[in-house]
Amino acid sequence: MEALIEMFMYSILGSIFRHIGAGLRYFFMRVILRKEVTYKSLRYDNPKDTVLANFDNAFVNTFFGVVVFMGIFIFLLVKYLS
(Lines give C-alpha, C1' and ligand atoms only; values in the text may rest on other atoms or scores of the structure.)
Protein backbone atom coordinates (compact mmCIF):
# COMPACT_ATOMS: atom_id res chain seq x y z
CA MET A 1 0.00 0.00 0.00
CA GLU A 2 2.85 2.40 0.83
CA ALA A 3 4.46 1.78 -2.55
CA LEU A 4 1.20 2.67 -4.28
CA ILE A 5 0.92 5.94 -2.35
CA GLU A 6 4.56 6.76 -3.09
CA MET A 7 4.07 6.06 -6.79
CA PHE A 8 0.91 8.20 -6.84
CA MET A 9 2.68 11.15 -5.15
CA TYR A 10 5.64 10.85 -7.55
CA SER A 11 3.22 10.95 -10.47
CA ILE A 12 1.39 14.00 -9.10
CA LEU A 13 4.62 15.90 -8.37
CA GLY A 14 6.06 15.01 -11.76
CA SER A 15 2.96 16.30 -13.49
CA ILE A 16 3.04 19.55 -11.50
CA PHE A 17 6.71 20.07 -12.32
CA ARG A 18 6.09 19.39 -16.03
CA HIS A 19 3.23 21.91 -16.15
CA ILE A 20 5.31 24.60 -14.42
CA GLY A 21 8.23 23.97 -16.78
CA ALA A 22 6.01 23.98 -19.86
CA GLY A 23 4.44 27.25 -18.75
CA LEU A 24 7.86 28.79 -18.28
CA ARG A 25 9.03 27.62 -21.69
CA TYR A 26 5.78 28.80 -23.28
CA PHE A 27 6.18 32.28 -21.79
CA PHE A 28 9.81 32.50 -22.90
CA MET A 29 9.23 31.25 -26.44
CA ARG A 30 5.94 33.06 -27.06
CA VAL A 31 6.54 36.41 -25.38
CA ILE A 32 10.31 36.91 -25.49
CA LEU A 33 11.34 35.05 -28.67
CA ARG A 34 8.04 35.78 -30.50
CA LYS A 35 7.78 32.23 -31.87
CA GLU A 36 4.47 30.72 -32.89
CA VAL A 37 4.22 27.86 -30.42
CA THR A 38 1.34 26.42 -28.44
CA TYR A 39 1.31 25.26 -24.84
CA LYS A 40 -0.05 21.92 -25.96
CA SER A 41 2.94 21.29 -28.22
CA LEU A 42 5.31 22.11 -25.35
CA ARG A 43 3.54 20.07 -22.69
CA TYR A 44 2.70 17.04 -24.78
CA ASP A 45 5.00 15.61 -27.44
CA ASN A 46 3.76 16.49 -30.91
CA PRO A 47 5.60 14.53 -33.64
CA LYS A 48 4.34 16.92 -36.36
CA ASP A 49 5.98 19.94 -34.72
CA THR A 50 9.34 20.54 -36.38
CA VAL A 51 10.24 23.66 -34.35
CA LEU A 52 10.63 21.65 -31.15
CA ALA A 53 12.07 18.49 -32.71
CA ASN A 54 15.40 18.84 -30.89
CA PHE A 55 13.89 19.18 -27.41
CA ASP A 56 13.06 16.35 -25.10
CA ASN A 57 9.93 18.02 -23.76
CA ALA A 58 9.32 15.85 -20.72
CA PHE A 59 12.88 16.19 -19.44
CA VAL A 60 13.18 19.92 -20.06
CA ASN A 61 9.76 20.71 -18.59
CA THR A 62 10.49 18.63 -15.49
CA PHE A 63 13.91 20.26 -15.07
CA PHE A 64 12.55 23.81 -15.29
CA GLY A 65 9.66 22.94 -12.99
CA VAL A 66 11.97 21.51 -10.34
CA VAL A 67 14.28 24.54 -10.57
CA VAL A 68 11.36 26.94 -10.04
CA PHE A 69 9.89 24.82 -7.24
CA MET A 70 13.24 24.55 -5.43
CA GLY A 71 13.87 28.27 -5.87
CA ILE A 72 10.55 29.13 -4.26
CA PHE A 73 11.12 26.55 -1.51
CA ILE A 74 14.60 27.90 -0.67
CA PHE A 75 13.32 31.49 -0.73
CA LEU A 76 10.51 30.67 1.70
CA LEU A 77 12.87 28.64 3.87
CA VAL A 78 15.34 31.52 4.17
CA LYS A 79 12.60 34.09 4.70
CA TYR A 80 10.78 32.31 7.49
CA LEU A 81 13.67 30.62 9.27
CA SER A 82 15.90 33.67 9.55
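Residues numbered from 1 in each chain as written. Predicted model: local features only at pLDDT ≥ 70, side-chain atom pairs only at ≥ 80, totals over all residues. Heavy atoms only, no water.

Looking now at the overall build of the protein chain. The secondary structure content of the protein chain amounts to three helices and zero strands. Along the chain direction, N to C, the helices and strands of the protein chain fall in the order α-α-α. Counting across all 82 residues of the protein chain, residues that qualify as buried make up 20%. Of the contacts formed within the protein chain by residues at least 6 apart in sequence, a portion of 50% connects residues at least 24 apart. (Helix = DSSP H or I, 4+ residues; strand = E, 2+ residues; numbered from the N terminus. Buried < 20%, exposed > 50% of the residue type's maximum accessible area, 1.4 Å probe, protein only. Contact = heavy atoms within 4.5 Å.)

Mapped onto the elements, phenylalanine 17 comes out in helix H1 (residues 2-32). Counting along the chain gives 51 residues from phenylalanine 17 to valine 68, while the straight-line C-alpha distance between them is 8.6 Å. Other than its neighbours up to four places away in sequence, phenylalanine 17 contacts Asn61, Thr62, Gly65, Val66 and Phe69.

Turning next to the side chain of arginine 25. Its place among the elements puts arginine 25 in helix H1. Judged by its relative accessible area of 5%, arginine 25 is buried.

Taken together, the side chains of Met1, Leu4, Ile5, Met7, Phe8, Met9, Ile12, Leu13 and Ile16 make up a nonpolar region of the molecular surface, amounting to roughly 940 Å² of accessible area. Assignment of secondary structure puts leucine 13 in helix H1. The class of leucine 13 is partly exposed, set by a relative accessible area of 38%. (Patch = residues over 30% accessible without salt bridge, like charges linked within 9 Å, V, L, I, M, F, W, Y side chains within 5 Å. Areas by Shrake-Rupley, 256 points an atom, 1.4 Å probe, with all protein chains shown as cover. Salt bridge = Lys/Arg side-chain N within 4 Å of Asp/Glu carboxyl O.)

Per the counting criterion, the structure on display carries two aromatic pairs. Taken together, a centroid distance of 5.2 Å and an interplanar angle of 55 degrees make the contact between phenylalanine 17 and phenylalanine 69 tilted. Taken together, the residues phenylalanine 17 in helix H1 and phenylalanine 69 in helix H3 (residues 57-81) connect sequence positions 52 residues apart. Centroid distance phenylalanine 63 to phenylalanine 64: 5.8 Å. Interplanar angle 50 degrees. Geometry classified as tilted. Under the relative-accessibility criterion, phenylalanine 64 is labelled partly exposed at 31%. (Phe/Tyr/Trp six-rings, centres within 6.5 Å; stacked < 30°, edge-to-face > 60°.)

The relative placement of two packed helices comes down to the angle between their axes together with the axis-to-axis distance. The contact between H1 and H3 brings their axes to 6 Å, and the two run at 95 degrees. When the interaxial angle is binned, H1 and H3 end up roughly perpendicular. On H3, the residues touching Phe17, Arg18, Ile20, Gly21, Ala22, Leu24 and Arg25 of H1 are Asn57, Ala58, Val60, Asn61, Thr62, Phe64, Gly65, Val66, Val68 and Phe69. Residues of the contact of H1 with H3, tallied by class, amount to 10 nonpolar, five polar and two charged. (Axes fitted to C-alpha atoms, helices over the stretch in contact; angles between N-to-C directions. Parallel < 35°, antiparallel > 145°, perpendicular 65-115°, else oblique. Nonpolar A, V, L, I, M, F, W, Y, C, P; charged D, E, K, R; others polar.)

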